[in-house]
Amino acid sequence: MEMKKRISLELRNKSPSEVAELVLDNCRSGDGEIEGLSDEFKELEFLSMANVELSSLAKLPKLPKLRKLELSDNNISGGLDMLAERCPSLTYLNLSGNKIKDLSTVEALINLKNLKSLDLFNCEITNLEDYRENIFQRLSQITYLDGFDQEDNEAPDSEEEDDEGEEDDEDEPGPPGESEEEEDDDEEEAGSDLGEEEEEEEEVGLSYLMKEEIHDEEDDDDYVEDGGDEEEEADEEEADQGVKRKTGSRR
């Protein structure tokens, strides 16, 4: 399918100024040139033209908001200097599988000040001695080359980067979050104070009950002791009467 026709299908009845993402992979460019793209795509942030037999970027329009450009598996060998003028916001550039051979070709990207990730995998330039060191030295603005930084740490997925950016945006309004935490702390403190008061009340209630039980036991003991004395006195009176009876009968 020709690139122009593919673009019209991808628009889906939208105007070019409404499109933020455009994927044209595996279509066919005319004579290795870009066709169908214009300055009207001013809101475009992601453009993918992988495997479209592209050999020149001369007809790439001005895309001021473009952040990610996929150009893998094409026939590009140079002409990268115009990217800084046409796509000044570019942060990610994939040129893997192209015909880039020399360091001087890549040096043309030095004016892409926002470029953080560059992919040259499967290009002849990767066979040069100290290839990675030379690229990082010439393009000091980039963080990742072929998916890894200078310490061989793997680059995060683009989706993870987007998620992190959204989380950062959500976390920006700090005061509301702080106030919520303060409210939670106040609630926890209030709950702990209430719990302490309840514990104190339980302790007071228990001590009161214990005192009552002790008091009852003392009363019972007093009662038992009093009852015992009376019984002993009654026994003694009965014994005296018995003695008197016996004495009387003898007389």
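Residues numbered from 1 in each chain as written. Predicted model: local features only at pLDDT ≥ 70, side-chain atom pairs only at ≥ 80, totals over all residues. Heavy atoms only, no water.

The helix and strand tally for the chain stands at six helices and six strands. Beginning at the N terminus, the succession of helices and strands in the chain can be written as α-β-β-β-α-β-α-β-α-β-α-α. Residues classed as buried in the chain amount to 28% of the 251 residues present. Taking as baseline every contact in the chain between residues at least 6 positions apart, the subset at least 24 positions apart corresponds to 50%. (Helix = DSSP H or I, 4+ residues; strand = E, 2+ residues; numbered from the N terminus. Buried < 20%, exposed > 50% of the residue type's maximum accessible area, 1.4 Å probe, protein only. Contact = heavy atoms within 4.5 Å.)

Take the pattern of salt bridges next. Under the criterion given, the structure shown has five salt bridges. Between E10 and R12 there is a salt bridge, and its shortest N-O distance comes to 3.9 Å. For E10, a relative accessible area of 23% corresponds to the partly exposed category. The closest approach of N and O atoms between E53 and R28, which form a salt bridge, is 3.3 Å. With E53 in the loop between β2 (46-48) and β3 (68-70) and R28 in the loop between β1 (21-23) and β2, this pair connects stretches of sequence that are 25 residues apart. Taken together, the shared-partner salt bridges in this structure form one network comprising R6, E10 and R12. (Salt bridge = Lys/Arg side-chain N within 4 Å of Asp/Glu carboxyl O.)

Before going further, it helps to examine helix α1 (residues 3-11). For α1, the complete set of buried residues consists of M3, R6, I7 and L11. Along α1, the residues classed as buried sweep out an arc of 140° about the axis, all on the same side. Close packing links the buried residues of α1 with β1. Backbone geometry just downstream of α1 places R12 in the positive-phi region, at approximately 50°. (Arc of directions from axis to C-beta.)

As a further point, take the sheet that holds strand β6 (residues 144-145). Overall, parallel pairing links the six strands, which are arranged β1-β2-β3-β4-β5-β6 in an open sheet. Single-partner strands in this sheet number two, and they are β1 and β6. Note that strand β5 (residues 117-119) and β6 share two bridges and pair parallel. Bridge pairing links S117 to Y144 in β6. (Pairing = 2+ DSSP bridges.)

Before going further, it helps to examine the environment of R67. You can see R67 is positioned in the loop between β2 and β3. Linking R67 and P88, residues 21 residues apart in sequence, is a C-alpha distance of 8.5 Å.

Another point: the nonpolar core. Counting 46 residues, the largest nonpolar core has L47, M49, L83, L93, L109, L120 and I135 as the members making the most contacts within it. Sorting the residues of this core by element identifies α1, α2 (83-86), α3 (103-107) and α4 (131-138) as the ones contributing at least two each. (Core = buried A, V, L, I, M, F, W, Y, C linked by side-chain atoms within 4.5 Å.)

Quick look at the confidence of the model for the chain now. Overall, the predicted model of the chain reaches an average pLDDT of 79, with 63% of residues at or above 70. Predicted confidence for residues 159-166 stays below pLDDT 50, and this span has three contacts to residues more than four positions away or in other chains. (pLDDT = per-residue confidence, 0-100.)

A few words on the environment of V106. In this fold, V106 is placed in helix α3. With 33 residues separating them in the primary sequence, V106 and L139 have C-alpha atoms 8.4 Å apart. Excluding its chain neighbours within four sequence positions, the residues that come into contact with V106 are I100, L118, L120, I125, I135 and L139.

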